[in-house]
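Single-letter residue listing:
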Amino acid sequence: GVRSLHICVSDYDRAAPHGTGHIKAGLNYAMSLHAYVDAHKNGYDENMFLDPATRTFVEETGGANFFFVTEDGELVIPKSDSILPSITRRSVITVAGMLGIKVTERPVKLEEIGNFVESGLCGTAAVISPVGKITDHGKEIVFRDSEHTISGISFLLPTIGTPSIKRPSFAG
């Protein structure tokens with residue numbers, strides 16, 4: 001199977017409060033590079049950036065969006081005004097709906113992620129990558145193998161845009 005990622009909560013912000021973090025521009029990706037190098041030096045695969053205003057809500061990594069799964073199989077996707085829009089994220093929502101999975105987009109507090117049973121990343125380069133562990137300044141949050149809900153979505157995601165499955169848009 002696919003190796004689960006080990007993520008660390010970053011001390012850096014990817015976006016400025018009330019800034020342009022939600023706009024797909026080179027600088028918004030570049031802002032995460034130093035934190036990414038730092039994470040790798042410390043043995044992590046990637047960073048988790050928190051909201052820049054309060055640093056209490058989950059945002060994203062430098063190049064992918066987070067999603068979480070509850071014990072009853074609901075897909076929870078962090079929502080914020082500074083998260084970059086993602087066609088892969090929209091596609092995950094579409095596929096989850098096709099599979100009958102309830103999807104909720106809402107702000108996700110860092111303190112609640114230990115209540116989820118699965119976690120993953122989705123993005124153009126990452127497609128879907130399971131997250132096995134998130135470390136928040138020494139406190140480890142471990143997720144199960146991510147083979148339940150995430151594997152079903154991963155299987156169907158490549159079919160988006162084929163004649164039988166309409167490609168999602170950023171609208172709505």
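Bear in mind that the values here come from a model prediction, so they are computed numbers and not experimental data.

Reading the values: the criteria
- Residues numbered from 1 in each chain as written.
- Predicted model: local features only at pLDDT ≥ 70, side-chain atom pairs only at ≥ 80, totals over all residues.
- Heavy atoms only, no water.
- Helix = DSSP H or I, 4+ residues; strand = E, 2+ residues; numbered from the N terminus.
- Expected span 1.5 Å × (residues − 1).
- Buried < 20%, exposed > 50% of the residue type's maximum accessible area, 1.4 Å probe, protein only.
- Polar contact = N/O pair within 3.5 Å; in protein donor to acceptor, adjacent residues only side chain to side chain.
- Pairing = 2+ DSSP bridges.
- Phe/Tyr/Trp six-rings, centres within 6.5 Å; stacked < 30°, edge-to-face > 60°.

Let us now look at helix α3 (residues 87-98). When the terminal C-alpha atoms of α3 are compared, their 16 Å separation across 12 residues agrees well with the 16 Å that a helix rising 1.5 Å per residue should span. Of the residues making up α3, those classed as buried are T88, R89, R90, S91, V92, I93, V95 and A96. For α3, the capping residue at the N-terminal end is S86, with a side-chain oxygen 3.2 Å from the backbone nitrogen of T88.

This paragraph deals with the environment of I77. You can see I77 is positioned in strand β5 (residues 75-78). For I77, a relative accessible area of 2% corresponds to the buried category. Spatially, the C-alpha atom of I77 lies 7.7 Å from that of V108, the residues being 31 residues apart in sequence.

Now for the pairing of β5. Both faces of β5 are covered, namely the face carrying L75 and I77 and the face carrying V76 and P78. The pairing of strand β4 (residues 65-69) with β5 spans two bridges and is antiparallel. Residue F68 lies in a different strand from β5, and its bridge partner there is V76. Here β4 folds back onto β5 in antiparallel fashion, the turn holding five residues, of which G73 has a positive phi close to 90°. Here β5 runs beside strand β6 (residues 103-106); their pairing, made up of four bridges, is parallel. For I77, the partnering residue across the bridge sits in β6 and is E105.

A word on the packing of aromatic side chains. Counted by the stated rule, this structure contains three aromatic pairs. A centroid spacing of 4.9 Å and a plane angle of 20° characterise the contact between F68 and F116, whose relative ring orientation is stacked. Taken together, the residues F68 in strand β4 and F116 in the loop between β6 and β7 (118-123) connect sequence positions 48 residues apart. The class for F68 is buried, based on a relative accessible area of 0%. Its relative accessible area of 6% is what places F116 among the buried residues. When the centroid spacing of 6.4 Å and the interplanar angle of 40° are considered together, the rings of F68 and F143 count as tilted.

Here the focus is the environment of P130. Along the chain, P130 falls in strand β8 (residues 127-136). On the accessibility criterion, P130 (7% relative accessible area) is buried. Each C-alpha atom, one on P130 and one on F66, is 9.8 Å from the other, the two residues being 64 residues apart in sequence.

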